[in-house]
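# Notes for the structure review
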Amino acid sequence: MSAMRLGRIAHPEGLCFAIIEGEPGSLVAKEIAGTPFTPPEPTGREFEEGQFRLLAPTLPTKVVALGRNYADHVAEVFKESAEHLPPTIFIKPSTSVIGPDAPIKIPDFATNVEFEGELAVVISKPSKNIQPENWKDHVLGFTICNDVSSRDLQFQDGQWARAKGIDTFCPLGPWIDTDLDKLNLDDQKINAYLTHDGKREQKQDSNTDQMIVKMGGILAEISASYTLLPGDVVTTGSPAGTAPMVPGDHIEIEIPGIGSLNNPIERA
């Protein structure tokens, strides 16, 4: 399959998967039959920007995440060195997933909610015991994840299921980029911009060179425990720069080469 950007859209007649072409401001969505997990077959129907809305690009049965996988973020949040606090695996439920521009809704009981901009991959086929050197054989493409986290609940509960799994706490998008050779995973920028009281400020300004377990190792470790299904998402950890966000704010996660994932913040 040639490299392309695959998305999921809402249009006046319903929902579909589509090939996304162009740049923001002049996007075109070309409907495909079925799902992206077989060779895409365009139906001939096309929608111009303004005629469709981007949704979460996949409907995962689960989002499996590696926490504490960036040395700078471990020091920032946990106040320990990565040598003494190894990465850990957790799951975000499918009900936490939302798409671009959909609001992140913070409930009253979550009092210290932060964004975490992360590089993620979408699984292409049923996968178990992935070999690190063969990880590309199991991946459809890259996308962006915002691993929204309620720090108060994370440290109060002692495990992360509630703090990271609340409804709307997993924005994904804006699409799936199937060019697996596009990014230099040893030197890839990850940025996040928070707009608060009308002021836009860069918060995350980091790089995958801080990643402790690399992509092949991440997928090998996770698939040793969990069978990954087509459409499932594996997210690879957050670099430093995470910060609180409150209703009225706006968060943008940018990974150059993939795009930007934007979401407003609202009270649930």
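Scoring rules and cut-offs
- Residues numbered from 1 in each chain as written.
- Predicted model: local features only at pLDDT ≥ 70, side-chain atom pairs only at ≥ 80, totals over all residues.
- Heavy atoms only, no water.
- Helix = DSSP H or I, 4+ residues; strand = E, 2+ residues; numbered from the N terminus.
- Buried < 20%, exposed > 50% of the residue type's maximum accessible area, 1.4 Å probe, protein only.
- Contact = heavy atoms within 4.5 Å.
- Polar contact = N/O pair within 3.5 Å; in protein donor to acceptor, adjacent residues only side chain to side chain.
- UniProt positions renumbered as here; feature names shortened; annotations may be inferred.
- Pairing = 2+ DSSP bridges.
- Axes fitted to C-alpha atoms, helices over the stretch in contact; angles between N-to-C directions.
- Domains from an automatic or database assignment.
- Buried area = accessible area lost by both parts, 1.4 Å probe.
- Salt bridge = Lys/Arg side-chain N within 4 Å of Asp/Glu carboxyl O.

This part is about the environment of Gln 202. Note that Gln 202 resides in strand 16 (residues 199-207). On the accessibility criterion, Gln 202 (34% relative accessible area) is partly exposed. Sequence spacing of Gln 202 and Pro 36 is 166 residues, and the spatial spacing of their C-alpha atoms is 34 Å. Beyond its immediate chain neighbours, meaning those up to four positions away, Gln 202 contacts Asn 191, Ala 192 and Tyr 193. Within polar-contact distance, the side chain of Gln 202 engages the side chain of Asn 191 at 3.2 Å. Here the side chain of Gln 202 touches Gln 204 through a polar contact of 3.1 Å, landing on its backbone oxygen.

This part covers the environment of Ala 243. Mapping Ala 243 onto the fold places it in the loop between strand 17 (233-235) and strand 18 (250-255). Along the backbone, Ala 243 and Asn 112 are 131 residues apart, and their C-alpha atoms lie at a distance of 9.2 Å. Setting aside its immediate chain neighbours within four residues, Ala 243 contacts Val 113, Glu 114, Phe 115 and Lys 203.

The next subject is the UniProt feature "domain: Rv2993c-like N-terminal" (unreviewed entry) in the protein chain. The UniProt record marks residues 4-57 with the feature "domain: Rv2993c-like N-terminal" (unreviewed entry), using the residue numbering of this structure. Helix makes up 0% of residues 4-57 and strand 59%. Its end C-alpha atoms lie 13 Å apart.

One can find Ser 206 in strand 16. What makes Ser 206 buried here is its relative accessible area of 6%. Excluding its chain neighbours within four sequence positions, the residues that come into contact with Ser 206 are Asp 72, Gln 188, Lys 189, Ile 190, Pro 239 and Ala 240.

All right, on to the pairing of strand 19 (residues 259-267) then. Where strand 9 (residues 104-106) and strand 19 come together, three bridges link them in parallel fashion. Looking at the pairing, Lys 105 lines up with Glu 266 of strand 19. Judged from the six bridges that link them, strand 18 and strand 19 form a sheet pairing that is antiparallel. Note that in strand 19 the partner of Ile 251 across the bridge is Asn 263. With antiparallel pairing between neighbouring strands as the criterion, strand 18 and strand 19 make up a hairpin whose turn holds three residues, including Gly 257 at a positive phi of roughly 100°.

An order of 9-19-18-15-16 is seen for the five strands of this open sheet, with the pairing classed as mixed. Where the open sheet ends on each side, the last strands, each with one partner, are strand 9 and strand 16. Across the sheet, the mean angle separating the axes of adjacent strands is 20° when strand polarity is ignored.

Here the focus is the domain arrangement of the protein chain. By convention, interface size is frequently given as the accessible area that disappears when the constituent parts associate. Per the domain assignment, the segments making up the protein chain are domain 1 (5-55) and domain 2 (63-267). One C-alpha centre belongs to domain 1, the other to domain 2; they are set 24 Å apart. If you look at the interface, domain 1 gives nine residues, while domain 2 gives 13 residues. Counting each side, the surface lost to burial between domain 1 and domain 2 is near 890 Å², with a carbon and sulfur contribution of 72%. Summed over the shared surface of domain 1 and domain 2, the number is zero salt bridges. Where domain 1 touches domain 2, the interface holds one residue pair in polar contact (both at pLDDT 80 or more). Listing elements by their share of the side of domain 1 that touches domain 2, those giving two or more residues are strand 1 (5-11) and strand 5 (53-55). With three residues, strand 1 is the largest single contributor of residues to the side of domain 1 that touches domain 2.

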